Amino acid sequence: MNNNQTDLSKELMVEYLRSERLRIFAILLIFFSSMIIMPFVQFFNPGFFTMALEKKEGFTAFAISASVFFLFEIAVFGRIQYMIKKRISPPLVFKYINTVIEFSLISLVLFYTVYYDQSILVMEYDGYGFFILLIILSILHLNWKVNILAGIISCCGYGIVAIWAFQNLAIPGNPDQIMMIYGARSFSLIIYGIIAAVVAGQFYKKIQKAINYRAQRKQAQQLLGQQVSDEIAGELLKSGMNDKPKIADASIMFMDIKDFSKWADSNSPEDVMSYQNAVFCPIIDIIHKNHGSIHQFLGDGFMASFGISKNNEEYVQSAFDAGLEILAKIEELEKADIIPITFIRIGLHRGNIVTGNIGNESRKQFSLAGKNIIIASRLEELNKTLGTQFLISKDIKERIEEGDYLLEECGPVKMKGIDKKIEVFKVIKN
């Protein structure tokens, strides 16, 4: 069984336990509500209970036997809570044993009440109705076989009590006709069980389909997360990967490594790959830690964005902090002799950009566009001319906090393809 199948089985197990907990909670709620309501009903209508129970012994027998039933339900509820907390998968036989005991106890409650009351009035509506209620709630077992079993046990239990009553009690009216009525009621409980089984089967399919969808969505988000951040992947899935472009205010970072091509030409492919992984693996972590997303690796560099996802309101500061952390990490790797002396160049700018999917139905890619992308790229390239490592625009400068760094003004710079001059600042670490 692969990981996806294992996760799916666990999800189904948890859903079953939650559904089972809900079913038992409904039964307990009915019991405790009855305990609260019944005294008031008896107070305002002293003859209410005599409509179903003729003797005090019958009521006592009902109260005691019903309490045993609900104590059993409380014990099962506690067991399920424990399973959910510990994420324990219940054995398959658990469902069947629980159903047999549960419906057998209801049959015993009905029998003892009839036996001590010496009347079948309680079977007319209360006993029959409670069997139906339990069968309906058995839908929450999410197992059609359990529903059928519940119907069969109900039929047998109700029928056996009816047969005993007709053999041992005085039945008013036409016994044969009344016996046919009780026989029909007993058989109808199997019909209710079959109906519950059909409904439970449909519920189970829908739940399984929903869990499958969640699993596929999670897998898709994980795959997308390798290309963009988890936040952006989530938004893409939420929007259905439509082709409608959006405007986002974001910080854009470009980074590359000085003279990487020359170094790569004089080293083996294995050494080049090892070097790239040593540099980019920690940088990826830095970008993600600061809620950014790397959209494109460019061989010896990358383009990253901060702020496309609405989850990060401090996206300008996050982008700037990421730039400082990258410089510090490269220095750390050099001192540890993990990488050779490496000179990187970073350009950082913020502004409105266009986000959306580019391509056709067979191949699409989430992409960024706009003049502010070009400005960020030009800032990174400007490092070559100025001999610097980290350049930011005025749009970044105005939105960052003071810290362990200095900013040196490089003056307004005319950039290729940009009409307006851009004010540029050099970042110097203290």
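The rules behind the values
Counting from 1, residues in each chain are numbered in the order their sequence is written. Local features in this predicted model are restricted to residues whose pLDDT is 70 or higher, and side-chain atom pairs enter the listing and the counts only when it is 80 or higher, whereas totals over whole chains, interfaces and linings include all residues. The side-chain quantities take in all heavy atoms of the structure and omit both hydrogens and water. A run of H or I in DSSP counts as a helix once it spans at least four residues, and a run of E counts as a strand once it spans at least two, with each numbered from the N terminus. A simple rule labels every residue: compare its accessible area, found with a 1.4 Å probe on the protein chains alone, to the largest value its type can have, and call it buried under 20%, exposed over 50%, or partly exposed in between. Note on contacts: a residue pair qualifies if any of its non-hydrogen atoms lie within 4.5 Å across the two residues. What sets the accessible areas is the Shrake-Rupley method with a 1.4 Å probe; for residues, cover comes only from the shown protein chains. Lines fitted to C-alpha atoms define the axes, with helix axes restricted to the stretch in contact, and inter-axis angles between N-to-C directions lie between 0 and 180 degrees. What sets the label is the angle itself: under 35 degrees gives roughly parallel, over 145 gives roughly antiparallel, 65 to 115 gives roughly perpendicular, and the rest give oblique. Note on convention: near helix rotated counterclockwise from far helix by under a right angle means a left-handed crossing. Clockwise means right-handed. We call Asp, Glu, Lys and Arg charged. Ala, Val, Leu, Ile, Met, Phe, Trp, Tyr, Cys and Pro are nonpolar, and the rest, Gly among them, are polar. We count a salt bridge whenever a side-chain nitrogen from Lys or Arg sits within 4 Å of a carboxyl oxygen from Asp or Glu. Here the nonpolar core consists of buried residues drawn from Ala, Val, Leu, Ile, Met, Phe, Trp, Tyr and Cys, with membership extended through side-chain atoms lying within 4.5 Å. Pairing of aromatic side chains here covers Phe, Tyr and the six-membered ring of Trp, requires ring centres within 6.5 Å, and sorts the geometry by plane angle: under 30 degrees stacked, over 60 edge-to-face, intermediate tilted. Throughout this description, the term charge over a ring refers to an Arg CZ or Lys NZ atom that lies within 6 Å of the ring centre and within 35 degrees of the ring normal. For two strands to count as paired, DSSP must find a minimum of two bridges between them. Multiply 1.5 Å by the residue count of a helix minus one, and that product is the helix's expected span. Nitrogen and oxygen atoms within 3.5 Å of one another constitute a polar contact, given that in protein one can donate a hydrogen and the other can accept it, and given that sequence-neighbouring residues count only through two side-chain atoms. Confidence of the predictor in every single residue is expressed as pLDDT, which spans 0 to 100.

A. Seen up close, the overall build of the chain. Along its length, the chain carries twelve helices and eight strands. Across the 430 residues that make up the chain, the buried fraction comes to 44%. In the chain, the proportion of contacts linking residues at least 24 apart, taken out of those at least 6 apart, comes to 72%. For the chain, the accessible area works out to roughly 23,800 Å², and carbon and sulfur atoms hold 59% of it.

B. View of the packing of helix H3 (residues 92–117) against helix H5 (residues 144–168). Interaxial distance between H3 and H5 falls to 9 Å at its minimum, and their mutual angle equals 20°. In terms of their interaxial angle, H3 and H5 are classed as roughly parallel. Every pair of crossing elements has a handedness; the one defined by H3 and H5 is right-handed. Contacts from Lys95, Tyr96, Thr99, Val100, Phe103, Ser104, Ser107, Leu110, Phe111, Val114 and Tyr115 of H3 reach H5 at Lys145, Val146, Leu149, Ala150, Ile153, Ser154, Gly157, Tyr158, Val161, Trp164 and Ala165. Tallied by class, the residues present in the contact of H3 with H5 amount to 15 nonpolar, five polar and two charged.

C. Molecular detail of the pattern of salt bridges. Taken as a whole and assessed by the stated rule, the structure comprises 13 salt bridges. Asp256 is paired through a salt bridge with Arg345; the nearest N and O atoms lie 3.3 Å apart. One end of the pair, Asp256, is in strand S1 (residues 246–257); the other, Arg345, is in strand S4 (residues 344–360), with 89 residues separating them in the sequence. Here Asp256 falls in the buried class, since its relative accessible area comes to 9%. For Arg345, a relative accessible area of 9% gives the class buried. For the salt bridge of Arg378 with Glu381, the shortest nitrogen-to-oxygen distance reads 3.8 Å. In this pair, Arg378 and Glu381 are both assigned in helix H11 (residues 371–386), three residues apart and thus about one turn of the helix distant.

D. Structural detail: the nonpolar core. Counting residues in each nonpolar core, the largest one holds 48 residues, and the members touching the most others are Phe69, Val114, Ile120, Met123, Tyr158, Tyr182 and Leu189. Examining the composition of this core, we find that nine residues originate from one element, H5, more than from any other. Apart from the residues within four sequence positions on either side, Tyr182 is in contact with Ile120, Met123, Glu124, Tyr158, Ala162 and Phe166. Ile326, Leu333, Ile346 and Phe390 belong to the second largest nonpolar core, which has 38 residues in total.

E. Spotlight on the packing of aromatic side chains. Throughout the structure, instances matching the rule amount to 20 aromatic pairs. An angle of 65° between the planes, with centres 5.2 Å apart, marks the rings of Phe31 and Phe32 as edge-to-face. A residue is classified by how much of its surface remains accessible, and Phe32, at 42% relative accessible area, is partly exposed. Clustering of aromatic rings is evident, with ring pairs tying together Phe31, Phe32, Phe69, Phe70 and Phe130. For the cation-ring pair, Arg185 lies above Tyr128, with the distance from its terminal atom to the ring centre recorded as 5.5 Å. Here the guanidinium or amino end of Lys258 rests over the ring plane of Phe343, the centre of that ring lying 5.3 Å away.

F. Up close: the pairing of strand S2 (residues 292–297). Sheet analysis places S2 next to strand S3 (residues 301–306), joined by five bridges and oriented antiparallel. Its bridge partner being in S3, Ser293 is matched across the sheet by Ser305. The hairpin formed by S2 and S3 contains three residues between the paired strands, and Gly299 there has a positive phi angle of roughly 80°.

G. Summary view of helix H2 (residues 56–86). Helix length check: H2 (31 residues) gives 45 Å between terminal C-alpha atoms against 45 Å at 1.5 Å per residue, within 8%. Along H2, the positions that sit buried rather than exposed are Gly58, Ala61, Ser65, Ala66, Phe69, Phe70, Phe72, Glu73, Val76, Ile80 and Met83.

H. Molecular detail of the side chain of Ser19. As for its placement among the helices and strands, Ser19 is situated in helix H1 (residues 3–44). A distance of 2.5 Å separates a polar atom in the side chain of Ser19 from the backbone oxygen of Leu140. The contact partners of Ser19, leaving out residues within four places of it in the chain, are Leu140 and Leu142.

I. Representation of the confidence of the model for the chain. Averaged over every residue, the pLDDT of the chain is 83; residues scoring 70 or more account for 83%. Predicted confidence in the chain is weakest over helix H7 (residues 230–238), with a mean pLDDT of 55, and strongest over strand S6 (residues 390–393), with 95.

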